[in-house]
Amino acid sequence: MTAKTLDDLLEAGVAGRHVLVRSDLNVPLEDGVVADDGRIRASLPVITALADAGARVVVMAHLGRPKGTADPAYSLRPAAERMAELTGRKVRLATDVTGASAREESANLPDGGILLLENVRFDPRETSKDEAERAALAAEMAALTGDSGSSESAPATQGAYVDDAFGAVHRRHASVYDIAGLLPSYQGGLVSRELDVLSRLTGEPDRPYVVVLGGSKVSDKLAVIDNLMDRADTLLIGGGMLFTFLKAQGHEVGASLLEEDQIPVVTEYLKRAEEGGCRIVLPTDIVMASAFAADAEHEVLPVESLTSGAHGASALGLDIGPETRVAFGEEIRRAETVFWNGPMGVFEFEAFAHGTRTVAQSLTESTGLTVVGGGDSAAAVRALGFDDGQFGHISTGGGASLEYLEGKPLPGIDALERSTTGHGTAQDAGHDAAQAGA
Ligand SMILES: Nc1ncnc2c1ncn2[C@@H]1O[C@H](COP(=O)(O)OP(=O)(O)O)[C@@H](O)[C@H]1O
Ligand SMILES: O=C(OP(=O)(O)O)[C@H](O)COP(=O)(O)O
């Protein structure tokens, strides 16, 4: 069963209807300003197409991982401002998720207007494991579509939901998953395009198929290795997760990022790799720093003696070393298919960007299919001066693309497909929710 798409919705007609759009606007900020607007640009086609067709567009998105409270550091205001700049349109920002501000702004939204709700993760129910809590929030979200604000509009205007947040489709969250059971639901163009490209990696990819993994979401990404080992020929491990591997091999890693409780899992991966199948290639040298800072003192040390340098056991690894860069570069250039997720080091600091730059450069020199996945990975290649066109595909989702490649079901996509089958009485439920929240 395939999900209904944005085209189906546009064909059905959206003029005057409230359409909730889940976008992934999780962009890096620097001093309160959007540092890389790739995800915003990628989200705009769906939002503007709906607005141009006369919909009242209510955008929902998250930024970072606030702990279920309204932390101003995670406000979507900078994203709203950037959206307004990029589109030349007014973008309203509600100061809450489904509270008085969201309800009032949504009710007063004109045809073709765009409203961005405040960070959905300011509400603890968004990410709750408790289904009833998430359902309650989703009902409040659905209710935002229920009243056009016009006294003539009875019965409640039929709202719709579009999921275009590819980067979040692997999350079982209220605005991604639960909401789709409450409103007629559609798959946005960005999600469709992403699935299209990634499906080329799950069929019969040209070999050698090399997967490069890095970044800082260590436990998320360690879990995906399990399945990737059955599919890829070679895994190159960099970024924060490499230290858990080195520790599992008996090396000291100082104050580097480490997930102690994952050591048994990683040990098992190394054992499986040794027994055949997938090769796991680990760094042989690391750039060890005195502190997590742009101007930290640093030196290159072999993995056997990472704590033997000037800062001993307080040193932390912030990038792969030069010998590793050469080895990883060769593996990538030899590959026919490469999927890369996660920077090799703390690329935000120039001193620790070399590993990430080498991997990016090697991908541009590969003649095979190259796919870069992940918000930070995409931001990294742009920050380092590469152009999107130098890669086969730059995916807006890191974790999402990894889980797709693993063959795991994606809750956001499943929910859309279920909505298509008429799962329960989606439209009635939306109507009920609208009444309940009114
Ligand atoms: N050795 C390391 N120690 C700490 N952080 C690291 C290390 N290597 C990479 N990082 C950080 O990982 C972050 C990106 O990780 P992640 O969010 O997992 O990537 P993506 O968004 O591409 O999936 C970057 O901000 C980078 O600074
Ligand atoms: O940045 C994201 O994912 P990514 O870092 O895996 O690309 C998405 O916005 C999802 O965010 P989350 O991993 O906090 O749920």
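Residues numbered from 1 in each chain as written. Chains lettered and ligands numbered in written order. Predicted model: local features only at pLDDT ≥ 70, side-chain atom pairs only at ≥ 80, totals over all residues. Heavy atoms only, no water.

Notes on the sheet that holds strand β6 (residues 114-116)
Rules: Any two strands between which DSSP finds at least two bridges are classified as paired. Under the DSSP-based scheme used, a helix requires at least four consecutive residues in state H or I and a strand at least two consecutive residues in state E, with every element numbered from the N terminus. Between the N-to-C directions of two axes lies an angle of 0 to 180 degrees, each axis being a line fitted to C-alpha atoms and, for a helix, fitted only over the stretch in contact.
Overall, parallel pairing links the six strands, which are arranged β5-β6-β4-β1-β7-β8 in an open sheet. Both outer strands of the open sheet, β5 (91-93) and β8 (185-187), are each paired with one neighbouring strand and no more. Averaged over neighbouring strand pairs, the angle between their axes works out to 25° when direction is ignored. Of the pairings in the sheet, the one linking strand β4 (residues 56-60) to β6 comprises three bridges and is parallel in character.

Side note on the packing of aromatic side chains
Put simply, the test is: In summary, the pairing rule links any two rings of Phe, Tyr or Trp, Trp by its six-membered ring, whose centres are within 6.5 Å, and it sorts them by plane angle into stacked for under 30 degrees, edge-to-face for over 60 and tilted for everything else. Here the term buried applies to any residue with accessible area under 20% of the maximum for its type, exposed to any over 50%, and partly exposed to those in between, with areas from a 1.4 Å probe on protein chains only. We call a charge positioned over a ring when the NZ of a Lys or the CZ of an Arg lies within 6 Å of the ring centre and within 35 degrees of the ring normal.
Applying the stated rule across the entire model yields two aromatic pairs. On the basis of an interplanar angle of 70° and a centroid distance of 5.5 Å, the ring pair of F292 and F349 is categorised as edge-to-face. Within this pair, whereas F292 is found in the loop between β12 (285-289) and β13 (298-302), its partner F349 is found in the loop between β15 (337-341) and α11 (354-365), the two being separated by 57 residues in sequence. Taking the centre distance of 6.1 Å and the plane angle of 65° together, the rings of F386 and F391 count as edge-to-face. Classification of F386 as buried rests on a relative accessible area of 12%. Overall, the relative accessible area of 6% leaves F391 in the buried class. Geometry around Y177 places R172 over its ring, the cationic atom sitting 4.6 Å from the centre.

Some details on the packing of helix α2 (residues 38-52) against helix α3 (residues 77-87)
The condition is simple: For classification purposes, an angle smaller than 35 degrees is called roughly parallel, one larger than 145 roughly antiparallel, one from 65 to 115 roughly perpendicular, and anything else oblique. We call a crossing left-handed when the near helix sits turned anticlockwise from the far one by less than a right angle, and right-handed when that turn is clockwise. For this analysis, residues touch if any pair of their heavy atoms sits within 4.5 Å. We call Asp, Glu, Lys and Arg charged. Ala, Val, Leu, Ile, Met, Phe, Trp, Tyr, Cys and Pro are nonpolar, and the rest, Gly among them, are polar.
Between α2 and α3, whose axes approach to 11 Å, the crossing angle comes to 65°. When the axes of α2 and α3 are compared, the pair comes out roughly perpendicular. With respect to the hand of their crossing, α2 and α3 are arranged in right-handed fashion. Each of I40, R41, L44, I47 and T48 in α2 lies in contact with α3, whose residues at this interface are A79, R82, M83, L86 and T87. Classifying every residue of the contact of α2 with α3 by side-chain character gives six nonpolar, two polar and two charged.

A look at the sheet that holds strand β14 (residues 316-320)
With respect to topology, three strands assemble into an open sheet ordered β13-β12-β14, the strand pairing being antiparallel. Both edges of this open sheet fall to β13 and β14, since each of them pairs with a single strand only. Between one strand and the next, the sheet's axes are offset by a mean angle of 40°, whatever the strand orientation. As paired elements, β12 and β13 share five bridges and run antiparallel to each other. Counted as the bridge partner of I286 is L301 from β13.

Some words on the nonpolar core
We count it as follows: Among the buried residues, those of types Ala, Val, Leu, Ile, Met, Phe, Trp, Tyr and Cys that are joined through side-chain atoms within 4.5 Å form a nonpolar core.
One finds I225, L235, I237, F245 and I280 to be the most contacted residues of the largest nonpolar core, which totals 70 residues. Of all the elements, helix α7 (residues 218-231) adds the most residues to this core, at six residues. In contact with I225, not counting residues within four places along its chain, are L213, L235, I237, M241, F245 and Y269. Among the nonpolar cores identified, the runner-up in size contains 30 residues, and V46, V57, A61 and M83 belong to it.

Examining the pattern of salt bridges
When their charged atoms lie close together, side chains carrying opposite charge are able to pair. Rules: Within this document, salt bridges are pairs made up of a side-chain nitrogen of Lys or Arg and a carboxyl oxygen of Asp or Glu, the two lying within 4 Å of each other.
Following the criterion strictly, the structure yields 21 salt bridges and no others. Among the salt bridges present, the one from E365 reaches R333, with a minimum N-O distance of 3.4 Å. Of the two residues, E365 sits in helix α11 while R333 sits in helix α10 (residues 322-334), which places them 32 residues apart along the sequence. For E365, a relative accessible area of 39% puts it in the partly exposed group. D388 serves as the salt-bridge partner of R382, at 2.9 Å between the closest nitrogen and oxygen. R382 sits in the partly exposed class, given a relative accessible area of 24%. When salt bridges with common partners are traced through the structure, they connect D37, R41, R82 and E85 into a single cluster.

Quick look at the site of ligand 2
Quick note on the threshold: In this text, near means that some heavy atom of the residue lies within 4 Å of the molecule or strand in question. Under this definition, polar contacts are N or O atom pairs within 3.5 Å; protein pairs additionally need one hydrogen-donor-capable and one acceptor-capable atom, and for neighbouring residues in sequence, both atoms have to be side-chain atoms. Surface accessibility follows the Shrake-Rupley procedure with a 1.4 Å probe radius. Residue values consider only the protein chains on display as shielding.
For ligand 2, the set of nearby residues contains 14 residues, the closest of which are R65, R121, R171, K217 and G399. Between ligand 2 and the protein, one listed contact pairs an oxygen atom with a side-chain N or O atom of N26 at 3.0 Å. Here H62 contributes a side-chain N or O atom positioned 3.0 Å from an oxygen atom of ligand 2. For ligand 2, the protein covers 95% of the area, taking 390 Å² as the surface of the free molecule. The class makeup of the residues in the shell around ligand 2 is no nonpolar, eight polar and six charged.

Comments concerning the UniProt feature "binding site: substrate" (unreviewed entry) in the chain
As a reminder of what qualifies: UniProt positions are given in the numbering used here, feature names are shortened, and annotations may be inferred rather than shown by experiment.
Residues annotated by UniProt as "binding site: substrate" (unreviewed entry) correspond here to D24, L25, N26, R39, H62, L63, G64, R65, R121 and R171. On the secondary structure map, G64 appears in the loop between β4 and α3. You can call G64 buried: its relative accessible area is 17%. The contacts of G64, once residues within four sequence positions are left out, are N26, Y74 and R121. As for its placement among the helices and strands, R65 is situated in the loop between β4 and α3. Looking at R65, the relative accessible area reads 45%, which means it is partly exposed.

Focus on helix α12 (residues 375-383)
Of all the positions in α12, only G375, S377, A378, A379, A380 and V381 are classed as buried. Residues of α12 that are buried sit in contact with α2, β15, α11, β16 (369-373) and β17 (393-395). Where α12 terminates, the next one or two residues include G385, which has phi positive at roughly 95°.

What to know about the site of ligand 1
Taken together, 20 residues form the shell around ligand 1, and within it S216, K221, E348, D376 and S377 come nearest. One nitrogen or oxygen atom from the side chain of K221 is found 2.6 Å from an oxygen atom belonging to ligand 1. When ligand 1 is considered free in solution it has 580 Å² of accessible area, and contact with the protein chains removes 91% of it. Mapped onto the shell around ligand 1, the elements with two or more residues apiece are β14 and α12. In terms of residue count, the dominant contributor to the shell around ligand 1 is α12 (three residues). Looking at the shell around ligand 1 residue by residue, the class counts come to five nonpolar, eleven polar and four charged.

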